[in-house]
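One letter stands for each residue in the lines below.
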Amino acid sequence: MRSFEPTLWQSGASSITDVELDLASRDDIPQLLLGLQYLYMTPALREQVLQILDEMIPEEIDRNTGRPGMGLWRILVMGGLRLNLNWDYDRLCEMVNQHRTIRQMLGHGIADDEERYHVQTLKDNVSLLTPEISDRINQVVVQAGHQLKKKRTRTKQSY
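Quick summary incoming for the structure in this document. (Residues numbered from 1 in each chain as written. Predicted model: local features only at pLDDT ≥ 70, side-chain atom pairs only at ≥ 80, totals over all residues. Heavy atoms only, no water.)

Time to look at the overall build of the protein chain. When its secondary structure is counted, the protein chain shows seven helices and zero strands. Per-residue burial for the protein chain yields a buried fraction of 40% across its 159 residues. Of the accessible surface of the protein chain, which amounts to about 9900 Å², a share of 49% is contributed by carbon and sulfur atoms. (Helix = DSSP H or I, 4+ residues; strand = E, 2+ residues; numbered from the N terminus. Buried < 20%, exposed > 50% of the residue type's maximum accessible area, 1.4 Å probe, protein only. Areas by Shrake-Rupley, 256 points an atom, 1.4 Å probe, with all protein chains shown as cover.)

Shown next, in the form of structure tokens:
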């Protein structure tokens, strides 16, 4: 059964909420990961996205006893990186295997540092995140961004 939560009980693994991102970086990777981290840390938003992601699991797979496959969180992170940064699967494979911060966002720790992804595994799983599913997730995220902006505007006006 596919799960949303990454396996974080390995030695040296930290929570997604504890991943430190370089906020001063002008590169697009930390900016994208910051957005994903916010999504993960906001329960209502995370639940909406989980419901959308759950729909991408093929109907012929029994959700209770089906083949485990890659977790939905990892598919979301990898799919977001691939689509937003215009990476092909070879670039995605290199980055998820070598980039420390991306690996932390995927839920990897020190103990599973040798765990590697193969290009075909990425193609088989990340391709489940179709443009239609991605568009629906984008709508939810944009709506959450508007709500966040309204909250910040109200807070500034109350001073």
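This paragraph deals with the side chain of Asn125. Within the secondary structure, Asn125 is located in helix α6 (residues 119-126). According to the relative accessible area criterion, Asn125 is buried, its value standing at 5%. Of note is the side chain of Asn125, whose polar atom sits 3.5 Å from the backbone nitrogen of Met70. (Polar contact = N/O pair within 3.5 Å; in protein donor to acceptor, adjacent residues only side chain to side chain.)

Let us now look at the pattern of salt bridges. Inspection of the entire model under this criterion finds two salt bridges. A salt bridge links Glu55 to Arg136, with the nearest nitrogen and oxygen atoms 2.5 Å apart. Note that Glu55 is positioned in the loop between α2 (43-54) and α3 (72-84) and Arg136 in helix α7 (residues 131-157), a separation of 81 residues in sequence. Ionic pairing is found between Glu115 and Arg74, a salt bridge with its closest N-O pair at 3.9 Å. With Glu115 in the loop between α5 (100-105) and α6 and Arg74 in helix α3, this pair connects stretches of sequence that are 41 residues apart. On the basis of relative accessible area, Glu115 is assigned to the partly exposed category, the value being 34%. A residue is classified by how much of its surface remains accessible, and Arg74, at 13% relative accessible area, is buried. (Salt bridge = Lys/Arg side-chain N within 4 Å of Asp/Glu carboxyl O.)

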